[in-house]
Amino acid sequence: MKSSVITFPGSNCDRDMDVALTKFGFKNKMVWHNDQELPKSDLIVLPGGFSYGDYLRCGSMASKSKIMLSVINFAKSGGLVMGICNGFQILVEAGLVPGVLLRNKYLQFICKNVHVKVDNKENSFFKNLDKKVLEFHIAHNEGNYFCTKDQLKEIEDNNQIAIYYCDQNGNTNDQINPNGSIKNIAGIFNKEKNVLGMMPHPERMIDESLSGEDGSIFFKNLLNNIK
Amino acid sequence: MLVNEKIAIEHGLKSDEYKKICKLLKRTPNITELGIFSAMWNEHCSYKSSRIHLKKLHTKGKKVIQGPGENAGVIDIEDGDALVFKIESHNHPSFIEPYQGAATGVGGIMRDVFTMGARPIANLNSIHFGSTQHKKTKNLLRGVVHGIGGYGNCMGVPTIAGQTSFDRSYNGNILVNAMTLGLVKKDKIFYSKAAGLNKPVIYVGSKTGRDGIHGASMASASFDEKIEEKKPTVQVGDPFTEKLLLEACLELMSGDSIIAIQDMGAAGLTSSSIEMASKGNLGIEINLNKVPCRETKMTPYEIMLSESQERMLIVLESGKEEIAKKIFDKWNLDFAVIGKTTNTKNIELFFDNEQVANIPVNTLVENSPMYDRKWKKSKLPKKNKINKTIFKSLKIKDTLKKILSSPNVCSKEWIWQQYDHTVMGDTIQKPGGDSGVVRVHKTDKAIAATVDSSATYCWAHPLTGGKQVVCETWRNLISVGAKPIAVTNCLNFGSPEKEENMGEFVECVQGISEACKYLDYPVVSGNVSFYNETKDIGIKPTPTIGGVGLIKDYKKMITMDFKEIDNIILVIGKTEGHIDQSLLSRIILNENNGPPPEVNLFNEKNNGLTLLNLIEKNFIKSAHDVSLGGIITAISKMCIKGNKGIQIKKPKFLINEVEYFFAEDQGRYLIEINPKDLKEVSKILDKNSVHYDEIGKIIDKEMIIDQKTKLTIDELKSYNTNWLKSYMV
């Protein structure tokens, strides 16, 4: 299976994502933001980082990069696109998934392990996953997901919520919400479920020596689903 | 503008220094030249008060590739790999403007490391604030933490360890020391020594603005009530540009275009150009009209003294300009050929077709002032005669609660959760352990790093304190299973013009040197920060040591969390009951006098190396060094981390319980072993003449000291984790 990771100026999880994808059997290529064409890919990943320094709204500059036209076309034609952290912010700014990401509720960068509940398995990302609660890792300053009431209704009606922040038993409540996201939303799909944006970093959870191994489960499952 | 002595003094130069300049030049300098002299001759850049003593540091060793004197130190970590690292202070700017001061401190130290061709793989920091009651402390802490995170997180370099302390002596002068480790192939290290004539001198990175002018001079003076006016001398950081600069430089370094490279740190274009010329014994000619400027009408004086961040100066091989320009264009960074190397051995500056400065390089560097300042030797204070009946009135539980929740012992999670400590995917020991540990990417090796200081001990007796800090880092590395290799030091002191402060400096340096020599643990880089005082009140002497060690097989790394019920806990090293200068003495007994615990270098080395041997043989399940707060504090942390309890045995020998639990004797560790290994472990310890006591065994969820004194792990946790969070709300 072929994947491509886009490097924007200021991306800093591009190498980590490359390591993870390669480890689980993807043939991965790194793509420069200023390129026009995507290599033939089964999966496009927008990695974490601080594209263009995030001095403007996070992800807004990167969403206008040359390569993004191709990414948008790829997504519109049904190709799988995944945005992690800053990648999620870029997807939001590009209009590929609904909503916005605000500054964290307590106005602080947060780096820690979190649990997420996978609600919707009828999609290529989580299909066949045998766990309902995964331990992932977050590291962000602007991960506070927000949308209007009407949007939220639409998102819920279409089953677009991918993952929720929860405790280790899968309970979602305000107390374990790390950043103030509406409804504890940690990740979201587009209507067609071929585009996934999420704040947590599965690529930091791919080795028992690191923060944990649930990222391995996620990537192995993802590869099997695409095959 | 005509230069005279008065203007020179306004530039921070002393009257006789100004006279020396006129004599060296055989004329009066113009204003640009005076600015250059003041920048090169201030304490921060010239080390004029410290040079004579720094020479005594132990800097040689088999693993040392580059010692002090370059942008950073370099050590051999085998297999063709080298580790580049350094610590640096950014104290004065951080007090004036905490966010930008701390941020640019982090940016500056990372630049020092990647200037040498190394990709930064970890950041650490040591930060010190005033009393928690002081009105500025909270905002300064918040600002500094945001600044460190803001820069490091954006760069995508994990912050893996650190130290935070609070003490009244930092009320008017906080300390922010930042350390970076970088990885490079041994044959791809870059240096700052220029070579060859007529080689193009290249400016890359951000544009030059008016920020930070006289930053280095500001850092060489004490504060008074007008510090707010110094805000414009603090630089403004742009981590995004630095990230681009990092990637662009590493890309250019993968080829063979660069002869020498130097980042523009303190004193900007001035010190970077002069340093490269001086090391290469060459002259340098710069056309200041070619320097990319952010603001209009900048004068030569301003261009030379600006401390705008994220800039580099490179001497290229002739004919490589196009290759280099293409890379910097790709990363959207400024690139300008601004001059060339010459055989004049002078620095010559041109602006609007006129020569605006012409100074022999050696007058700025070799002929810079060097002082052997007067210093006062300090006596070892007399031992306090503590009335032992007080101990009887102390309840262990209450005392432990106070210590675990005290500002200098409590968990610093509130701080390090704001730092990205997992990016780059190799952090295998996070902040909160004895050392941070990162794997060497795609290998079985790992690097452990720690940063420590013990201002209280150094204040009580500088010589002992200096030794102690080195040993503390040594123990922190051993505790995670790393073989200590080398250190970097950041020497934070008051005014060198005061005999007491200078004495503290001299004797701390002596202590550091003795310990480093004995432990074969050389100093490879560092920096000195003097004049840490406000309105004549100086800080406690605070030498900060950053220690680095190697773990050959990262799977053998040790952590401090208790692993398994029924395992046995041993204390390695002898407990004598030293209470003076301990936390118990200071915060429970309110007694600040007396000597610090004695440092026995033989025991340190012997205990440490024996423990490493036990780790190598897979006997050790968890380990933690005993430091602030003594044995019981160290045990509490192991319980909290492992979520397991301990049944503690009554100490065998005749020492008061309070002294046994809270004494801060040096050279001690707690280790967890399986009961079946006890015989073998004892044999090894005995054979090496290492003193040890069995202190207890691991049980479930409770710390039992005696029938009356029991604490649950949740209690311990709440004492330890709540204080900082509630303080910062």
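An account of the accompanying structure is given in this report. (Residues numbered from 1 in each chain as written. Chains lettered and ligands numbered in written order. Predicted model: local features only at pLDDT ≥ 70, side-chain atom pairs only at ≥ 80, totals over all residues.)

What follows covers the overall build of chain A. The helix and strand inventory of chain A stands at 5 helices and 11 strands. Rg of the C-alpha trace for chain A: 16 Å, near the compact-globule value of 17 Å for 227 residues, within the 12% margin. Pairs at least 24 residues apart make up 75% of the contacts formed inside chain A by residues separated by at least 6 positions. (Helix = DSSP H or I, 4+ residues; strand = E, 2+ residues; numbered from the N terminus. Rg over C-alpha atoms; globule rule 2.2 N^0.38 Å. Contact = placed C-beta atoms within 7 Å.)

This paragraph deals with the nonpolar core. Core analysis: the largest hydrophobic core is formed by 286 residues, its most contacted members being B:L83, B:V84, B:A446, B:I447, B:V470 and B:L670. Leaving out residues up to four positions away in the same chain, B:V470 has contacts with B:V487, B:I512, B:A515, B:C516, B:L519, B:Y521 and B:I545. (Core = buried A, V, L, I, M, F, W, Y, C linked by C-beta atoms within 7 Å. Buried ≥ 20, exposed ≤ 12 C-beta atoms within 10 Å, placed from the backbone.)

All names here are of chain B. One way to put it is that helix α7 (residues 98–114) packs onto helix α10 (residues 239–253) with a least axis distance of 11 Å and a crossing angle of 5°. Taken together, the axis directions place α7 and α10 in an arrangement best described as roughly parallel. For the pair formed by α7 and α10, the contact residues are G107, M110, R111 and F114 on the first element and P239, E242, L246, C249 and L250 on the second. Looking at the contact of α7 with α10 residue by residue, the class counts come to 6 nonpolar, 1 polar and 2 charged. (Axes fitted to C-alpha atoms, helices over the stretch in contact; angles between N-to-C directions. Parallel < 35°, antiparallel > 145°, perpendicular 65-115°, else oblique. Nonpolar A, V, L, I, M, F, W, Y, C, P; charged D, E, K, R; others polar.)

This part covers the interface of chain B and chain A. Counting residues at the interface gives 22 residues for chain B and 23 residues for chain A. Every element with two or more residues in the side of chain B that touches chain A is listed here: α8 (137–155), α10 and β14 (427–429) of chain B. When residues in the side of chain B that touches chain A are grouped by element, the largest group, 4 residues, is from α10(B). Tallied by class, residues from the side of chain B that touches chain A come to 10 nonpolar, 10 polar and 2 charged.

Turning next to helix α22 (residues 601–616) of chain B. All names here are of chain B. Compared with the 22 Å implied by 1.5 Å per residue over 16 residues, the 22 Å span of α22 between its first and last C-alpha is a close match. Of all the residues in α22, the buried ones are N603, E604, N607, G608, T610, L611, L614 and I615. Looking down the long axis of α22, one finds its buried residues gathered within 165° of arc, a one-sided arrangement. Looking at the packing, one finds that the buried side of α22 touches α19 (462–479), α20 (499–519), β22 (568–572), β23 (622–625), β25 (669–673) and α25 (678–687). Directly after α22, the chain includes N618, whose backbone phi takes a positive value near 65°. (Expected span 1.5 Å × (residues − 1). Arc of directions from axis to C-beta.)

The subject of this paragraph is the sheet that holds strand β28 (residues 709–712) of chain B. All names here are of chain B. Ordered by their spatial adjacency, 7 strands build an open sheet running β23-β25-β22-β26-β24-β27-β28, and the pairing between neighbours is mixed. Looking at strand neighbours, the two that pair on one side only are β23 and β28, the edges of this open sheet. The sheet shows a mean angle of 20° between the axes of neighbouring strands, direction not considered. In this sheet, β25 lies alongside β22 in antiparallel orientation, the contact comprising 5 bridges. Bridging across to β25, V571 finds its partner in L670. Contacts from α22 reach β22, β23 and β25, with the element oriented near 20° to β25. (Pairing = 2+ DSSP bridges.)

It is worth spelling out the environment of B:I127 at this point. Residue and element names in this part refer to chain B. Among the secondary structure elements, I127 is positioned in strand β4 (residues 119–129). The spatial distance from the C-alpha of I127 to the C-alpha of V176 is 4.7 Å, given a sequence separation of 49 residues. Excluding residues that lie within four positions of it along the chain, I127 makes contacts with V144, T164, L175 and V176.

With that out of the way, let us pick up the packing of helix α23 (residues 630–642) of chain B against helix α26 (residues 713–728) of chain B. All names here are of chain B. Interhelical geometry of α23 versus α26 gives an angle of 110° and a closest axis separation of 9 Å. Here α23 is positioned roughly perpendicular relative to α26, judged by the angle of their axes. Note on element contacts: α26 touches α23 through I713, L716, K717 and N720, opposite S636, C639 and I640. Split by residue class, the contact of α23 with α26 holds 4 nonpolar, 2 polar and 1 charged.

Residues and elements named next belong to chain B. Read across the open sheet, the 7 strands follow the order β8-β10-β7-β11-β9-β12-β13; overall the sheet is mixed. The open sheet has two edge strands with one neighbour each: β8 (258–263) and β13 (354–360). Between one strand axis and the next, the sheet turns by 20° as a mean value, whatever way the strands run. Direction of pairing for strand β12 (residues 346–351) relative to β13: antiparallel, over a ladder of 6 bridges. What sits directly across from F350, in β13, is Q355. Those strands touched by helix α13 (residues 321–330) are β7 (200–205), β10 (311–316) and β11 (334–342), and its axis lies near 150° from that of β11.

Moving on, we get to the pairing of strand β9 (residues 161–166) of chain A. All names here are of chain A. Judged by how many residues are buried, β9 sits mostly within the fold: 6 of 6 residues are covered. Bridge count between β9 and strand β10 (residues 185–189): 3 bridges; the pairing is antiparallel. Considered in β10, the bridge of I161 is made with I188.

Quick look at the pairing of β23(B) now. All names here are of chain B. What you see with β23 is no split at all: S622 and H624 on one side and A623 and D625 on the other are buried throughout. As defined by bridge partners, β23 adjoins β25 across 4 bridges and the pair is classed as antiparallel. Of the residues in β25, the one forming a bridge with S622 is E672.

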